[in-house]
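Summary of the model geometry
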Amino acid sequence: MLKKIVGIGLGLSLVATSLLAEVEKKKLTIGFIALTDCAPIVIAEEKGFFDKYGLDVHVVKEGGGWPGIQQKVISGEYDFSHALAGMPIAATLGINGDANLQAVLSLDFNGNGITFGNKIIKQMEKYGMDKKARPLNSDALKKYIDAKHKKEGSKYQPLSFGMVHPVSTHNYELRYWMASSGIVPDRDTTIKPFPPPTMPSNLIAGNIEGYCVGEPWNERIVLKKKGSTLVTNYDIWNNNPEKVLQTRADFIKKYPETTKAVMKAILEAQMWLDASWENRKEAAKILSKPNYVKAPVKVLEKSMTGTFQYLKGQNSEANPMFNVFANYYAAYPFYSHGMWFITQMYRWGQLDKAVDMKKVIESVYRPDLFAEVAKEIGYSLPPSPWKKDGVDKYNMFMDGKVWDPNKAVDYIFSTGIDESKVSKEELLKVNKWSVKTEQPDYVCPYGPAGCADPKYVTK
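Here goes a summary of the coordinates provided. In this text the structure is predicted, and so the values were computed from the model without any measurement.

Rules used in this analysis
Residues numbered from 1 in each chain as written. Predicted model: local features only at pLDDT ≥ 70, side-chain atom pairs only at ≥ 80, totals over all residues. Heavy atoms only, no water. Pairing = 2+ DSSP bridges. Helix = DSSP H or I, 4+ residues; strand = E, 2+ residues; numbered from the N terminus. Axes fitted to C-alpha atoms, helices over the stretch in contact; angles between N-to-C directions. Contact = heavy atoms within 4.5 Å. Salt bridge = Lys/Arg side-chain N within 4 Å of Asp/Glu carboxyl O. Buried < 20%, exposed > 50% of the residue type's maximum accessible area, 1.4 Å probe, protein only. Phe/Tyr/Trp six-rings, centres within 6.5 Å; stacked < 30°, edge-to-face > 60°. Lys NZ or Arg CZ within 6 Å of the ring centre and 35° of its normal. Polar contact = N/O pair within 3.5 Å; in protein donor to acceptor, adjacent residues only side chain to side chain.

1. Concerning the sheet that holds strand E10 (residues 227–232)
Here we have five strands laid out as an open sheet, ordered E8-E7-E9-E6-E10, and mixed in their pairing. Two strands in the sheet have a free side with no partner beyond their single neighbour: strand E8 (189–193) and E10. Mean inter-strand twist for the sheet, computed between neighbouring axes without regard to direction, equals 25°. Bridge count between strand E6 (residues 112–117) and strand E9 (residues 210–214): five bridges; the pairing is antiparallel. By the bridge assignment for E9, Phe116 is matched with Gly210. Packing of helix H6 (residues 118–126) onto the sheet brings it into contact with E6, strand E7 (159–163) and E10, and relative to E6 it is tilted by some 85°. Its contacts with the sheet place helix H8 (residues 169–179) against E6, E7, E8, E9 and E10, and it is angled at close to 60° to E6.

Here you go:
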């Protein structure tokens, strides 16, 4: 009997060993920036999801901002990283580093705000701004800029604003918001990159009038009463893609099982984050630690627990979708989401050659690999990696525009304000493809956190 038991135990041990052997590289380093949307990576470490899949992960807070993250992923110092959704696309196109990086999953939807200092808010209020409007447009800022142009003439001094990186959602969101009222960002303003944690200090020092950044660096200013967040990126584009998990294409090819294990761990962390508001509160406490975001729990909870304080000295407002990690397919790397970033790279003059946008995004975003992993751990998949945005209740743009990937070239030139270095005709020549789009239903299969309304929770 003893011999039989020993034999069974040995057999189980060999099975476990064979499963672990599938992970080609056990020791990994993953870089992140001190923002609340690093939560899936941090929770995967703190709640043991990496351990569950046989990984020994060193999670590292990057002090050099997004350029530091990108450099270290390309060099191999980081095996994976927290990344802006546009970063792996830009690197693959050679405009932000030069390497084929891939986005294996989306880390979240939403999470950003546009915050202004008290001084410029007073000026905008003189021109009719109602700071309690949701969503708030940029009409008052446009009127203030027009008056400033008229007063200063040829000696006009552009207003200065901050964002986190040239290919960041923050840069594109700030420009989108401004341009919707006729502001020409690179004529009427100066938009400069700063590492996210330095935004509040730069605003207080008077180096910038406002900025677009992720949490908790908006609420830091609001709670210090040095300014207010007038717009969130949810206001600009409901449930927009924000961060991704990126790695090198050659890493995936060399270590496919390791890649899948990392994806499973982080995806389970995302599901945990949306399972309950209690989990979100626990996550805020974890993120507050010095080795992670290093911000007060009360500041982190403003966004992480379904509320957001827009205005200094006023109550928080319900905003359950400010951070969405797993619900509504937030973890899925939609091709159509990735292509939107390419359209913005053209719109704002960051690309100077015509490329096949479908071919590019299919070489960067990996919904195929995601689908394989998702099925193994029970994460539901949308009907297609291609969808339209701006057509459903929970993916609207503030200006009512529709993003249809089949009309990507027209979309670039549809606003009246663009700085494209490539003509519409040149782009149409190399973008003759079409894709079948399908709209996913709004669903919350993982719990109430990040969900618009409890009626959508199917768990």
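2. Comments concerning unusual backbone geometry
Pro135 follows Arg134 through a cis peptide bond whose omega is -5°. Mapped onto the elements of the fold, Pro135 is located in the loop between H6 and helix H7 (139–152). Cis geometry is adopted by the peptide bond preceding Pro216, which originates at Glu215 and carries an omega value of 15°. Tracing the chain through its elements places Pro216 in the loop between E9 and helix H11 (219–224).

3. Re the pattern of salt bridges
A full pass over the atoms with the stated rule returns 24 salt bridges. The salt bridge involving Glu46 is made with Lys289; its shortest N-O contact spans 3.5 Å. Here Glu46, found in helix H2 (residues 39–46), pairs with Lys289, found in the loop between helix H15 (277–287) and helix H16 (297–304); they are 243 residues apart in sequence, far enough to count as distant. Look at Glu46 and you get partly exposed, because its relative accessible area is 32%.

4. Remarks on the packing of aromatic side chains
Under the criterion given, the structure shown has 25 aromatic pairs. Taken together, a centroid distance of 6.0 Å and an interplanar angle of 80° make the contact between Phe116 and Phe161 edge-to-face. With Phe116 in strand E6 and Phe161 in strand E7, the pair connects residues that are 45 residues apart, well separated along the chain. Pair check on accessibility: Phe116 and Phe161 agree, each one buried. With 5.6 Å between their ring centres and 85° between their planes, Phe370 and Tyr379 make a pair best called edge-to-face. An identical accessibility class is assigned to Phe370 and Tyr379; each is buried. An aromatic cluster is present here, built from Tyr172, Tyr176, Trp237, Trp340, Phe341 and Phe397 joined pairwise through their rings. The lysine or arginine in question, Arg134, covers the ring of Tyr310, its NZ or CZ lying 3.7 Å from the ring centre.

5. What to know about the pairing of strand E3 (residues 80–84)
The side chains of a regular strand alternate between both faces of the sheet. Extensive coverage of E3 is indicated by the burial of five of its five residues. Across the two faces of E3 the burial is the same, with Phe80, His82 and Leu84 and Ser81 and Ala83 all buried. In this structure, strand E1 (residues 27–32) lies alongside E3, joined through two bridges in parallel fashion. Looking at the pairing, Ile30 lines up with Phe80 of E3. Relative to strand E11 (residues 243–248), E3 is paired through four bridges, and the arrangement is antiparallel. Bridge pairing links Ser81 to Gln246 in E11.

6. Quick word on the environment of Tyr346
The residue Tyr346 is located in helix H17 (residues 335–347) in this model. Overall, Tyr346 belongs to the buried group, its relative accessible area being 0%. Spatially, the C-alpha atom of Tyr346 lies 42 Å from that of Glu278, the residues being 68 residues apart in sequence. The residues touching Tyr346, leaving out its near neighbours within four places in the chain, are Leu351, Lys353, Ala354, Val355, Met357, Ile412, Glu419, Ser420, Lys421, Val422 and Leu427. A distance of 2.6 Å separates a polar atom in the side chain of Tyr346 from the backbone oxygen of Lys353.

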